[in-house]
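Below are the chains, spelled out letter by letter.
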Amino acid sequence: SIMASLIGNILDEPFGNQLRTIEQLGYIVKFRKNIYYDHVYVCFDIQSFKEPNYLKQRIMHFLKEYKKAIEYFEKMEELGKSIDREYHFFSKYEI
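## Some points on the packing of aromatic side chains
As enumerated under the stated definition, the model contains four aromatic pairs in all. For the ring pair Phe15 and Phe44, a centre distance of 5.0 Å and an interplane angle of 50° mean the geometry is tilted. Residue Phe15 is found in helix H1 (residues 2–22), and its partner Phe44 is found in strand E2 (residues 39–47); the two are separated by 29 residues along the sequence. Relative accessible area serves as the criterion here: at 23%, Phe44 is assigned to the partly exposed category. With a centroid separation of 5.4 Å and 75° between ring planes, the pair formed by Phe15 and Phe62 is classed as edge-to-face.

## Here we look at the pattern of salt bridges
All chains considered together, the criterion is met by three salt bridges. Between Glu23 and Arg58 there is a salt bridge, and its shortest N-O distance comes to 2.8 Å. Residue Glu23 is located in the loop between H1 and strand E1 (28–36), and its partner Arg58 is located in helix H2 (residues 52–92); the two are separated by 35 residues in the primary sequence. For Glu23, a relative accessible area of 21% puts it in the partly exposed group. Here Asp45 makes a salt bridge to Arg32, at a shortest N to O gap of 2.5 Å. One end of the pair, Asp45, is in strand E2; the other, Arg32, is in strand E1, and 13 residues separate them in sequence. Here Asp45 falls in the partly exposed class, since its relative accessible area comes to 22%. Relative accessible area serves as the criterion here: at 34%, Arg32 is assigned to the partly exposed category.

Parameters at a glance
Residues numbered from 1 in each chain as written. Predicted model: local features only at pLDDT ≥ 70, side-chain atom pairs only at ≥ 80, totals over all residues. Heavy atoms only, no water. Phe/Tyr/Trp six-rings, centres within 6.5 Å; stacked < 30°, edge-to-face > 60°. Helix = DSSP H or I, 4+ residues; strand = E, 2+ residues; numbered from the N terminus. Buried < 20%, exposed > 50% of the residue type's maximum accessible area, 1.4 Å probe, protein only. Salt bridge = Lys/Arg side-chain N within 4 Å of Asp/Glu carboxyl O.

Geometric descriptors of this kind do not, in isolation, establish any biological role.
Structure (structure tokens):
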């Protein structure tokens, strides 16, 4: 599925960077996607000595923060489009 590949490409590097490199939660930190009977599943793998509930909290925190970042960039993109449209509108009528 194209959507599954897109999700995988978007989340893979930031997930590993945040949880493995920055937070140092484990040596093995991976994001995987699976397609099974036209359903997309995402898996978060962390091999760690930390408690499973703590790892779950950190994964959920990552997802919430990443969602906020995506929403922020979507707003900035829309703002940019709006400014671009206004610029083109007014530049047509410059004297």
